[in-house]
Amino acid sequence: MKKVLVVCGNGIASSSIMLAALKDYLDEQNISADLDKASLMTCTDDFFNDKDLIVSSTKLDRPGVKTPVIVGSALLTGIGEDEVLEKIKEAILS
Amino acid sequence: MTNRILVSEADENHINSYQVAIKFAGNNLFKSNMIYPQYIDACIEREKKYPTGLALKNNIGVAIPHGNPKFVKESGISFVRLAQPINFGLMEDSTKQVSCQFVFNLAILQSNQQLAMLRQLMALFRNDDFIGTLAKAELDHIQKYLIQKLSFN
């Protein structure tokens, strides 16, 4: 199963909302994934690189991170949400 | 478990930066004994590094500053309507800014407990009626509206 990490500034509010929205979508699509959330402040590059996909509330400026990153703040505002969910789905199923 | 909702308006012109806006919102949380005083600086520090401005439909900007839960005593929200919109950093790209008229200073103890409230708040952000209410309604009405929508178990 693909390991998906949802991250935001402190791993409290935004990542929780994004994770819940993503979980609802994946359940609805019958896609299983290993979902987790974390704080950008505390994650090491190694921790990120152990994942298959990162969904982040913000652009990630971390050259050491090799895992693909999708910016997922659309899951908060709803603007462009369908495109983001589609991208995440493709990444998980690829 | 309930979430306390505070509502205020900043009509003075002295709010000229996001730092001052967060202080204004946070001070209301402090006066209501919902946070320890350090929470306000924690929110400002976090905002610098990981901004919380969100661009909604129709060029409406909202910010949802929040900080370390260890400085929170009681969960809730301090909503502030700014007479003059203030630039906040954009969450998805901190090199960009978004002009925000509405600030929701979140006091969150533990994410799981407040998840329902936060998700409902995000759902409201997509609702044109809600944004219209925030812009035009009396503060009492906004508070009742937010309590009704967000303070459920």
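Residues numbered from 1 in each chain as written. Chains lettered and ligands numbered in written order. Predicted model: local features only at pLDDT ≥ 70, side-chain atom pairs only at ≥ 80, totals over all residues. Heavy atoms only, no water.

In this section: the overall build of chain A. Of the regular secondary structure elements, chain A holds four helices and four strands. When the helices and strands of chain A are read in sequence order from the N terminus, they spell out β-α-β-α-β-β-α-α. Along the longest, intermediate and shortest principal axes, the C-alpha atoms of chain A span 30 × 25 × 20 Å. Roughly 4300 Å² of accessible area belongs to chain A as shown, and the carbon and sulfur atoms make up 48% of that amount. Taking the average location of the 10 positive side-chain charges in chain A and that of its 15 negative ones, the two points are 5 Å from each other. (Helix = DSSP H or I, 4+ residues; strand = E, 2+ residues; numbered from the N terminus. Areas by Shrake-Rupley, 256 points an atom, 1.4 Å probe, with all protein chains shown as cover. Lys, Arg positive; Asp, Glu negative; His and termini not counted. Charge placed at Lys NZ, Arg CZ, Asp CG, Glu CD.)

Residue and element names in this part refer to chain B. When you line up the elements, serine 17 lands in the loop between β1 (4–10) and α1 (18–31). Spatially, the C-alpha atom of serine 17 lies 9.4 Å from that of proline 85, the residues being 68 residues apart in sequence. There is a polar contact of 3.2 Å between the side chain of serine 17 and the backbone nitrogen of valine 20. (Polar contact = N/O pair within 3.5 Å; in protein donor to acceptor, adjacent residues only side chain to side chain.)

With respect to the helices and strands, A:Glu81 occurs in helix α4 (residues 81–93). If sequence neighbours within four positions are ignored, A:Glu81 has contacts with A:Ala74, A:Leu75 and B:Arg126. (Contact = heavy atoms within 4.5 Å.)

Quick look at the interface of chain A and chain B now. On the side of chain B, 22 residues touch chain A, which itself brings 25 residues to the contact. Interface of chain A and chain B: buried area, both sides summed, is about 2000 Å²; carbon and sulfur atoms make up 61% of it. The salt bridge partner of B:Arg119 is A:Asp24, with a shortest N-O separation of 2.8 Å. At six residues, the largest contribution of residues to the side of chain A that touches chain B is made by helix α1 (residues 14–28) of chain A. Among the residues making up the side of chain A that touches chain B, the classes are represented as 12 nonpolar, nine polar and four charged. (Buried area = accessible area lost by both parts, 1.4 Å probe. Salt bridge = Lys/Arg side-chain N within 4 Å of Asp/Glu carboxyl O. Nonpolar A, V, L, I, M, F, W, Y, C, P; charged D, E, K, R; others polar.)

Here we come to the environment of B:Leu134. All names here are of chain B. By secondary structure assignment, the location of leucine 134 is in helix α4 (residues 128–136). Relative accessible area serves as the criterion here: at 1%, leucine 134 is assigned to the buried category. Sequence-wise, leucine 134 and lysine 144 are 10 residues apart; in three dimensions their C-alpha atoms are separated by 12 Å. When near neighbours in sequence (up to four residues on either side) are disregarded, leucine 134 contacts Phe79, Arg81, Phe102, Phe104 and Ile142. (Buried < 20%, exposed > 50% of the residue type's maximum accessible area, 1.4 Å probe, protein only.)

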